[in-house]
Amino acid sequence: VQLVESGGGLVQPGGSLRLSCAASGIIFNMYTMAWYRQAPGKQRELVAEIKSGGNTNYEDSAEGRFFISRDDAKNTVYLQMNSLKPEDTAVYYCYAGGVFGLKFWGQGTQVTVSS
């Protein structure tokens, strides 16, 4: 199983980024996909998740600014991040959760919001 994130980088406050996570080795359309983030000195936290049926959930500070989507034909999940703030700076991780407690993580991609 591989989850490969891309799209991170340095962006100014108020800017946008789109993260992508390409999955292989899983039956993608059966998995809940999510994005987590971990800032220095903090615990990893859920940012957004999308169920196999398309239902979504967002962490409070991401609601209305971030949008998670999935393309089951491409085995890819996306996170569109708008109106970025310095406090969004973190390593962002792709997560796949399946039946029987199966969980997989990507290697992470750095997002830095700074002027």
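Residues numbered from 1 in each chain as written. Predicted model: local features only at pLDDT ≥ 70, side-chain atom pairs only at ≥ 80, totals over all residues. Heavy atoms only, no water.

Attention now goes to unusual backbone geometry. Although it is not a glycine, Ser83 sits at a positive phi angle of roughly 50°. By secondary structure assignment, the location of Ser83 is in the loop between β8 (76–81) and β9 (90–97). Backbone geometry places Phe100, a non-glycine residue, at a positive phi of 60°. For Phe100, the location among the structural elements is in the loop between β9 and β10 (103–105). Judged by relative accessible area, Phe100 falls into the exposed class, the value being 83%. (Helix = DSSP H or I, 4+ residues; strand = E, 2+ residues; numbered from the N terminus. Buried < 20%, exposed > 50% of the residue type's maximum accessible area, 1.4 Å probe, protein only.)

A contiguous nonpolar patch, built from Val99, Phe100 and Leu102 and spanning about 360 Å² of accessible area, is present on the exposed surface. With respect to the element layout, Leu102 can be found in the loop between β9 and β10. (Patch = residues over 30% accessible without salt bridge, like charges linked within 9 Å, V, L, I, M, F, W, Y side chains within 5 Å. Areas by Shrake-Rupley, 256 points an atom, 1.4 Å probe, with all protein chains shown as cover. Salt bridge = Lys/Arg side-chain N within 4 Å of Asp/Glu carboxyl O.)

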